[in-house]
Amino acid sequence: MDPISMRLVADDIIMAALREDITFEDVSTASVCPAARPAEVQLIAKGDGVIAGLDVFARTFALLDPQTRIEATVADGDEVVAGQRLAIVRGDARVLLSGERVALNFLQRMSGIATYTRRMTRALEGTGTVLVDTRKTTPGLRVFEKAAVAIGGGRNHRYNLSTAVMLKDNHIDAAGGVAAAVSAARAHASFTCTIEVECENLDMVREAAEAGADIIMLDNMDHDAMREAIELIAGRAKTEASGNVDASNIRALADLGVDYVSSGALTHSAPILDLSLKHLRMLDAEAAR
């Protein structure tokens, strides 16, 4: 994440997490480290996966003390293995101890998403189909989770409700039909907004294509129906397959020739990548520099 976005967006999220973890005092750390003392601790992978979120990890400590330093031996997007040392964190021992859990929570969550995304993108290699995420993210953590998808090799769908039009079943019901919904969106939204229509059957697909939708989502259709829908669309709109897509079934969609496959599982079902801060060592002032 670039420094401007980090300050504008990420800092508030990180500070909220730190305040949740330390309401007024880290009692354990204050007991054993009543005064500033230089120290270092190692970041160790406890599982195999893709690392993501090192900048958020580092920023967590920097918000507690800007003098904290991270020496990483890997970069976001790198594949790591269990037992591998990924970084050394140096700074005030109190900061290392108090920031440890929050920093690891962010890094583990983001790395888990990147790992799962990498697994799914590999299932689509050579097909031309692009894997994208959804808005099924942890409230308050969307910016980090979507960044993790990108690090893992996926692409981001719309960030939020303000960035594109997606007409789902309830929008279509409210408008009185697919064509009416598309027409209303064209009249209201900026010309810079794409219009996507979620279709559940071939009649809806036909109507969306004729109404001029930019993207047509084939939602929870079976394989044969999606194939027929793509033939029906005939290049008039981009196509997106969606509905309970995960690592176990994504490859079955690869031969359809859809432009995009969207999966909420990337962010709502990815397990964390287990990481740990271990072997804290106190340093003298000279060694800490």
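Relevant structure appears above.
For every chain, the first residue of the written sequence is number 1, and numbering continues from 1 along that sequence. This being a predicted model, a pLDDT of at least 70 is required before a residue's local features are given, and a value of 80 or more before pairs of side-chain atoms are given or counted; all residues contribute to the totals for chains, interfaces and linings. As a rule here, side-chain values cover all heavy atoms of the structure and leave hydrogens and water aside.

1. A few points about helix 8 (residues 202-211)
Phase 1: Residues of helix 8 that are buried include every one of Met204, Val205, Ala208 and Ala209, and no others. One side of helix 8 holds all its buried residues, which, seen down the axis, span an arc of 130°. Of the residues in helix 8, the exposed ones pointing more than 90 degrees away from the buried face are Asp203 and Glu210.
Phase 2: A contact between two residues is defined here by any heavy atoms of the two lying within 4.5 Å. Strands here mean DSSP runs of E at least two residues long; helices mean DSSP runs of H or I at least four residues long; both are numbered from the N terminus. Where helix 8 is buried, its residues touch helix 6 (169-175), helix 7 (178-188), strand 8 (195-199), strand 9 (215-219) and helix 9 (223-233).
Phase 3: The opening residue of helix 8 is Asn201, an N-cap whose side-chain oxygen sits 3.2 Å from the backbone nitrogen of Asp203.
Phase 4: Just past helix 8, the residue Gly212 takes up positive phi, approximately 90°. Accessible area is worked out with a 1.4 Å probe on protein chains only. A residue is then buried under 20% of its type maximum, exposed over 50%, and partly exposed in between. By definition, the arc is the one covered by directions from the helix axis to the C-beta atoms. Any N or O atom pair separated by 3.5 Å or less is treated as a polar contact, with the protein-specific requirement of one donor-capable and one acceptor-capable atom, and with residues adjacent in sequence counted only for side-chain atom pairs.

2. As for unusual backbone geometry
Phase 1: One non-glycine residue, Asn220, lies in the positive phi region at around 55°.
Phase 2: If you trace the backbone, Asn220 turns up in the loop between strand 9 and helix 9.
Phase 3: Asn220 gets classed as partly exposed once you look at its relative accessible area, which sits at 49%.
Phase 4: Phi at Ala234 takes a positive value of approximately 50°, unusual for a residue other than glycine.

3. Things to note about the nonpolar core
Phase 1: Only buried Ala, Val, Leu, Ile, Met, Phe, Trp, Tyr and Cys residues count toward a nonpolar core, and they belong to the same one when joined by side-chain atoms within 4.5 Å. In this structure, Phe144, Leu167, Val197, Ile216 and Leu218 are the most contacted members of the largest nonpolar core, which totals 59 residues.
Phase 2: Not counting the four nearest positions on each side in its chain, Leu167 is found in contact with Ile172, Ala181, Val182, Ala185, Ile195, Glu196, Val197 and Glu198.
Phase 3: Counting residues in each nonpolar core, the second largest holds 23 residues, with Val41, Leu273, Leu275 and Leu277 among its members.

4. A closer look at the pairing of strand 10 (residues 238-242)
Phase 1: With 4 of its 5 residues buried, strand 10 lies for the most part within the structure.
Phase 2: The pairing criterion is simple: DSSP has to find at least two bridges between the two strands. Note: strand 9 against strand 10, 5 bridges, orientation parallel. Paired with Ile215 across the two strands is Lys238, which belongs to strand 10.
Phase 3: Where the polypeptide runs from strand 9 across helix 9 and back to strand 10, its parallel neighbour, the crossover connection is right-handed. The handedness of a crossover follows from its direction of travel: if, with the strands pointing away from the viewer, the path from the first strand over the helix to the second runs clockwise, the crossover is right-handed.

5. Structural notes on a nonpolar patch on the surface
Phase 1: A surface patch of nonpolar side chains, about 290 Å² in accessible area, is lined by Ile4, Leu8 and Val9.
Phase 2: Here Val9 is to be found in helix 1 (residues 3-21).
Phase 3: The exposure class of Val9 is partly exposed, given its relative accessible area of 36%. Only residues whose relative accessible area exceeds 30% and that form no salt bridge are eligible for patches; like-charged ones are grouped when within 9 Å, while nonpolar side chains (Val, Leu, Ile, Met, Phe, Trp, Tyr) are grouped when within 5 Å. Residue-level accessible areas treat just the shown protein chains as cover; the underlying method is Shrake-Rupley with a 1.4 Å probe. What makes a salt bridge here is a side-chain nitrogen of Lys or Arg within 4 Å of a carboxyl oxygen of Asp or Glu, nothing more.

6. Some points on the pattern of salt bridges
Two side chains bearing opposite charge may form a pair once their charged atoms approach each other closely.
Phase 1: Enumeration over the complete set of coordinates arrives at 14 salt bridges.
Phase 2: Between Asp274 and Lys46 there is a salt bridge whose closest N-O contact spans 3.9 Å. Of the two residues, Asp274 is situated in the loop between helix 10 (265-268) and strand 12 (275-282) and Lys46 in the loop between strand 1 (38-45) and strand 2 (49-50); the sequence distance between them amounts to 228 residues.
Phase 3: When salt bridges with common partners are traced through the structure, they connect Glu40, Glu71, Arg90 and Arg281 into a single cluster.

7. Quick notes on the state of the cysteines
Phase 1: Any two cysteine sulfur atoms within 2.5 Å of one another count as a disulfide. Evaluation of the coordinates by the stated rule reveals 0 disulfides.
Phase 2: Left without a disulfide partner, Cys199 is nearest to the cysteine sulfur of Cys193, which lies 19 Å away.
Phase 3: Note on Cys199: relative accessible area 0%, which makes it buried.

8. Quick word on the sheet that holds strand 9
Phase 1: On the basis of which strands lie adjacent, the open sheet formed by 6 strands has the order 6-11-10-9-8-7 and parallel pairing. A strand with exactly one partner marks an edge of an open sheet, and here the two such strands are strand 6 (130-132) and strand 7 (165-167). On average, each strand axis in the sheet is inclined to that of its neighbour by 25°, with strand direction left out of account.
Phase 2: Every axis corresponds to a line fitted to the C-alpha atoms, with the helix fit spanning only the stretch in contact, and the corresponding angles, defined between N-to-C directions, vary from 0 to 180 degrees. Together, strand 8 and strand 9 form the strand contacts of helix 8, whose direction differs from that of strand 8 by roughly 165°.

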